[in-house]
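Residues per chain, in single letters:
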Amino acid sequence: DMELVQEKRSGGQRWTAQRLTLMGLFTAVLCVSSYIVIPLPFTAVSITAQTMVVNLIGMILAPADTAIVFLVWICLGLAGAPVFSGGGGGAAKLLGPTGGYIIGYLAAAVLISLFCRKVKGMGKQTLFLIVVGIPVIYLFGGAWMKISMGLTWPAVVIQGVIPFIPMDVAKCIGAAALAKALRRALPVPA
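Novice: Talk me through the packing of aromatic side chains; I want residue IDs and the actual numbers.
Specialist: Summed over the entire model, instances satisfying the criterion amount to four aromatic pairs. Aromatic pair F70 and W73: ring centres 6.1 Å apart, planes at 90°, arrangement edge-to-face. Highlighted residues: F70 and W73, both in helix α4 (residues 63-78), separated by three residues, approximately one helical turn. W73 matches F70 in its accessibility class, with the two residues each being buried.

Written out as structure tokens, the structure is:
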């Protein structure tokens, strides 16, 4: 049966209009979050709403859907659409000093999604966002900053990690609260 084959290929989930709509919605929210930016004068990295949205997507969508949202977003950016931080786009943005954060967002969101499917409880999920999700983003972002800018690890930590910790923790808590509300409001598969 062709429907059964399609369902097995998609990890047991069918490509429903509802599922595609949620992925499209979260892709749009991720694009819009790139415009909410607070530049910092001492670093190439800015405070953005993206971190909160990364966490939210991982908490709401299934792992495959999460990966698709981020891959579509990255492809849009590579094609030149102004969807990266501050409305940037193109390969130069992905290969620039903050490009590692873009890949870190993908990795962290998929890990968050995998965790949230296995472990229930908002407290545990919120803690995972803070102690695993954010460090994964920092690891990818910091490693690429080090390579692309020729920085030392201490300089990377000072410019790309420490200034962002308090806001990122707050964004994790905010994303968890929003996810709790959205899980009740949206027809999200468990």
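Text resumes after the structure shown.
Novice: So what's going on with the side chain of R19? Residues and values would help.
Specialist: Among the secondary structure elements, R19 is positioned in helix α2 (residues 17-33). For R19, a relative accessible area of 8% puts it in the buried group. Among the polar contacts listed, one links the side chain of R19 to the side chain of D65, at a separation of 2.5 Å.

Novice: Could you give me a rundown of the pattern of salt bridges, with the residues and numbers involved?
Specialist: If you walk through the whole model with that rule in mind, you get two salt bridges. Measuring nitrogen to oxygen at the nearest pair gives 3.2 Å for the salt bridge that ties D168 to K171. Highlighted residues: D168 and K171, both in helix α9 (residues 165-185), separated by three residues, approximately one helical turn.

Novice: Let's hear about the environment of A175: which residues, and what values?
Specialist: Relative to the elements of secondary structure, A175 occurs in helix α9. A C-alpha to C-alpha distance of 21 Å links A175 and F140, two positions 35 residues apart in sequence. In this view, A175 contacts M52, N55, L56 and M59; residues no more than four positions away in its chain are not counted.

Novice: If you had to explain the nonpolar core to someone new, which residues and values would you point to?
Specialist: Judged by nonpolar contacts, the single largest core of 47 residues is most densely connected at I57, L61, F70 and W73. Taken together, the elements giving at least two residues each to this core come down to α2, α3 (50-60), α4, α6 (99-118), α7 (122-149), α8 (153-160) and α9. In terms of residue count, α6 provides more of this core than any other element does, eight residues in total. Sequence-distant contacts of L61, that is, excluding residues within four places in its chain, are made with L22, M23, F26, T66, V69, S113 and R117.

About the cut-offs
- Residues numbered from 1 in each chain as written.
- Predicted model: local features only at pLDDT ≥ 70, side-chain atom pairs only at ≥ 80, totals over all residues.
- Heavy atoms only, no water.
- Phe/Tyr/Trp six-rings, centres within 6.5 Å; stacked < 30°, edge-to-face > 60°.
- Helix = DSSP H or I, 4+ residues; strand = E, 2+ residues; numbered from the N terminus.
- Buried < 20%, exposed > 50% of the residue type's maximum accessible area, 1.4 Å probe, protein only.
- Polar contact = N/O pair within 3.5 Å; in protein donor to acceptor, adjacent residues only side chain to side chain.
- Salt bridge = Lys/Arg side-chain N within 4 Å of Asp/Glu carboxyl O.
- Contact = heavy atoms within 4.5 Å.
- Core = buried A, V, L, I, M, F, W, Y, C linked by side-chain atoms within 4.5 Å.

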